[in-house]
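# Structural overview for review
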2 protein chains.
Amino acid sequence: MSAKPRVVIVGAGFGGMAAARVLGRGVADVVVVDRDNYHGFWPLLYQVATAGLDAQDIALPVRRSLSRLPGVEVRLGAVERVDTDRQLVFLADGNAPLTYDYLVLAAGSVTATFGVDGVAEHAFPLKTIPDAVGLRNHLITRFERLDAAPETAQPGDLDVVVVGGGPTGVELAGALSELIGADLARDFPHLDLAHAMIHLVEMTDQLLGAFSVASRERARRDLVARGVDVKLGAAIRRVAADHVEFADGTSLPAGTVVWAAGVRPSPLATALDLPLSTRGGVVVGDDLSVPERPTVFAIGDLATAIDPDGRPYPQLASVAIQQGRYVAHVIERRIAGRPTPRFQYRNRGIMATIGRRAAVADLPLGVHLGGSLGWFSWLGVHLVFLMDTRRRALVLLKWAWSYLTWEHGSRAIVNEGEHTPAGPHRA
Amino acid sequence: MSAKPRVVIVGAGFGGMAAARVLGRGVADVVVVDRDNYHGFWPLLYQVATAGLDAQDIALPVRRSLSRLPGVEVRLGAVERVDTDRQLVFLADGNAPLTYDYLVLAAGSVTATFGVDGVAEHAFPLKTIPDAVGLRNHLITRFERLDAAPETAQPGDLDVVVVGGGPTGVELAGALSELIGADLARDFPHLDLAHAMIHLVEMTDQLLGAFSVASRERARRDLVARGVDVKLGAAIRRVAADHVEFADGTSLPAGTVVWAAGVRPSPLATALDLPLSTRGGVVVGDDLSVPERPTVFAIGDLATAIDPDGRPYPQLASVAIQQGRYVAHVIERRIAGRPTPRFQYRNRGIMATIGRRAAVADLPLGVHLGGSLGWFSWLGVHLVFLMDTRRRALVLLKWAWSYLTWEHGSRAIVNEGEHTPAGPHRA
């Protein structure tokens, strides 16, 4: 066995993988733990939900991704708790705990319901691959059911209410308008899709709050031009099986409600016995280590780190990636006995796509792109950052096909979850 | 409403789709009913089970496939029973029954356990997409578990017993040897994969019983060369959680048992109140109609049709396709008042692939191909018959990638089935 320091990284998301790639170069022995065996490319999750891509297109097996780094081990498992005094990580599988010299907590976030009544029971979240596939299957099944029995039609049957005007909500609403307007209109010629409305509901008075005024307005205009009903300043009070109720007492019928209103740090945070911020994140200092626990770091959506202006960093992949690389360098320098500068986030820009030849991008130096230019830059950036060459080629092929044919190819309702030997198709 | 005769086709498999494509050209109004919204390309199912392809690659949405045929309607639903006196088809969804002038029963087959003890509880079938995904996830999870706790190793933990030496068993065993020998060996460098044996168990004294002697022997040799343990003349008496027991009293430990020993006609057959053969198929005459029910036809795996030599036709896609086209022509001729010749099957050949540059093909006129030549012809035939241009391009890209890199790309364990809004990842 080597005498190198041992680093345990909890979470194989953007932050954890970035840290592993740096540390795996040799200075430490690294163990990456995740409850899933893949790294999800979440910026494209909405395309899985809208039948443009398949689950495996955005799921890169963690072992494959790290296979060229001999110092990195991968462990499939859910972290149950951490003992920061004895420096042990306990997994739910009951095997011996993992020991560490340095711990990087990068477990990410989960959908936040904000305590709104009925969300957990009736709304579809969009945070994981099962979420995306579940939403896709539900939506297409609604069309099938109404087609089979048009006399049972209820108001709003085919309508979709997307709650949350951030990038997820905007991108999903745009992609849904294309899925319904092109594919489902062709697939269901007898249904009157004039009634298949997409409502994008945002509590504040603007979409894409983190974007420039120009991009916000452009996104709203692009969505409206695609037939999306954008409701601003509309807070949801309750989600029911067939409608949503607003704070002002009005309601809207909807066969499908998607909850994309926000995220909160992974529940793992509360199991850690570490100081948490009011938003539930692990509080960290300027070097992203936990106060009084200098060998424990937290990054990405799980952490609450404060920028030099006193604001928490936004919950973005680029923040997580930069924080992952940064803590890896901090650990390298600590091992070498050198001091480290504080974390500094470099804004590389933010983007959101609305649909064919329509996206907004706010780049550094005040550059705002929209329309076709924004869309091509969105395509380029996402292809470059996509996981591996194979997936890049597959996704490019699927995008090109969809662009040329107006078709989203993955519309089969596949209930892949019925996994047990005694499954439903058995004799 | 048109006054055309109405044909209901139960099942969107090879037979049902072939019939719909002919009848949809105009002479009748056609309704295709299936419990799934996709047509599965089952010859490639084993590649989904071994991470080479994704579920959507072999699942073509039925509506899309038939969208250019205006006379064809599609109905998602499970057929519960048929009233052949009143000519009604009842669906499980409780909607009004479908009326028909002609009925084509093409509901296919399901896995047959042959009453062997423990199969339903402990063996993985390989007949549906959920079967394939379940098998893939189970197998990779076994490797993950042992890697996490090597001290818990039991004999046969990583071994796979494939029961059934027909094309499904042969193709699966060959593909498994590549998945384990290449991908999983790379992914799990600490596991001793010398213990990850693949046993292919066949009750008779030969693999690929329907093939020529040359092809059978070649397939066996190719499998053995790839490290597969081929056990002939070995009948399974019982499947248990961690081993299989043979009729001779011996047993074999196995962490994974795949049951590919055979199929039987869909349980729908027994709900039809029609005469059934001893193998459970709907008995049909020379024109594939049910005796004394001239407007009811049964085709493919659901039917028991007897060839001119007195033997039942084999359960092959090509039989189902030819029978589907044939009954469509029979119905067209009946509508036109013309007599029909009896069904004649044209043997187009049979093929099975073992792995990279190894396949066997028995073609008409006594042509037997093997090795690289067999493999390239297998690739060509399957690409040509694959469903649509998009999937053809995607599958070709995935095959080329796998061939060049020795990698099966779809190894992410995605439990797509956890579909409800209150899923496990929710806050």
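It should be noted that the structure appears before, not after, this text.
Here is a short report on the structure shown in this document.

Cut-offs and rules
Residues numbered from 1 in each chain as written. Chains lettered and ligands numbered in written order. Predicted model: local features only at pLDDT ≥ 70, side-chain atom pairs only at ≥ 80, totals over all residues. Heavy atoms only, no water. Least-squares fit on C-alpha atoms with pLDDT ≥ 70 in both. Contact = heavy atoms within 4.5 Å. Pairing = 2+ DSSP bridges. Helix = DSSP H or I, 4+ residues; strand = E, 2+ residues; numbered from the N terminus. Axes fitted to C-alpha atoms, helices over the stretch in contact; angles between N-to-C directions. Left-handed = near helix turned anticlockwise from the far one by under 90°. Buried area = accessible area lost by both parts, 1.4 Å probe. Salt bridge = Lys/Arg side-chain N within 4 Å of Asp/Glu carboxyl O. Polar contact = N/O pair within 3.5 Å; in protein donor to acceptor, adjacent residues only side chain to side chain.

### Observations concerning the relation of the copies chain B and chain A
Mapping chain B onto chain A leaves a residual RMSD of 0.0 Å; the transformation is a rotation of 180° accompanied by 0.0 Å of translation along its axis. Overall, the copies show the geometry of a two-fold rotation axis. Comparing contact sets, 100% of the residues at the interface of chain B also lie at the interface in chain A, consistent with an isologous, same-surface contact.

### Considering the sheet that holds strand E8 (residues 98-99) of chain B
Residue and element names in this part refer to chain B. Across the sheet, which stays open at both edges, the three strands sit in the order E6-E7-E8 with antiparallel pairing between neighbours. In this open sheet, the two strands that pair with only one neighbour each are strand E6 (79-83) and E8. Examined bridge by bridge, E6 and strand E7 (residues 88-91) share four bridges and lie antiparallel to one another. Pairing of aspartate 83 across the sheet is with leucine 88, part of E7.

### Section: the packing of helix H1 (residues 14-23) of chain B against helix H8 (residues 317-335) of chain B
Residues and elements named next belong to chain B. Axis separation between H1 and H8 bottoms out at 7 Å; the angle between their running directions is 35°. Relative to H8, H1 is oriented so that their crossing is right-handed. Only Ala317, Ala320, Ile321, Gly324, Arg325, Val327, Ala328, His329, Ile331 and Glu332 of H8 make contact with H1, whose side of the interface consists of Phe14, Gly15, Ala18, Ala19, Val22 and Leu23.

### Focus on the sheet that holds strand E17 (residues 251-253) of chain A
Think of a sheet as strands paired side by side through backbone hydrogen bonds, with each pair either parallel or antiparallel. All names here are of chain A. In space, the three strands of this open sheet follow the order E15-E16-E17, with antiparallel pairing throughout. Each having just a single partner strand, strand E15 (236-239) and E17 make up the two edges of the open sheet. If you compare each strand with its neighbour and ignore which way they point, the axes differ by 20° on average. Pairing between E15 and strand E16 (residues 243-246): three bridges, direction antiparallel. In the sheet register, arginine 238 faces E16, and the bridge partner there is glutamate 245.

### Topic: the interface of chain B and chain A
Interfaces are often described in size by the accessible area the parts lose on coming together. Contacts between the two partners involve 73 residues from chain B, matched on the other side by 73 residues from chain A. Buried surface at the junction of chain B and chain A, summed over both partners, amounts to about 6600 Å²; 55% is from carbon and sulfur atoms. Inspection of the region where chain B meets chain A yields four salt bridges. Notably, a salt bridge pairs arginine 63 of chain B with aspartate 147 of chain A, separated by 3.2 Å at the nearest N-O pair. At the boundary of chain B with chain A, the tally comes to 12 residue pairs in polar contact (both at pLDDT 80 or more).

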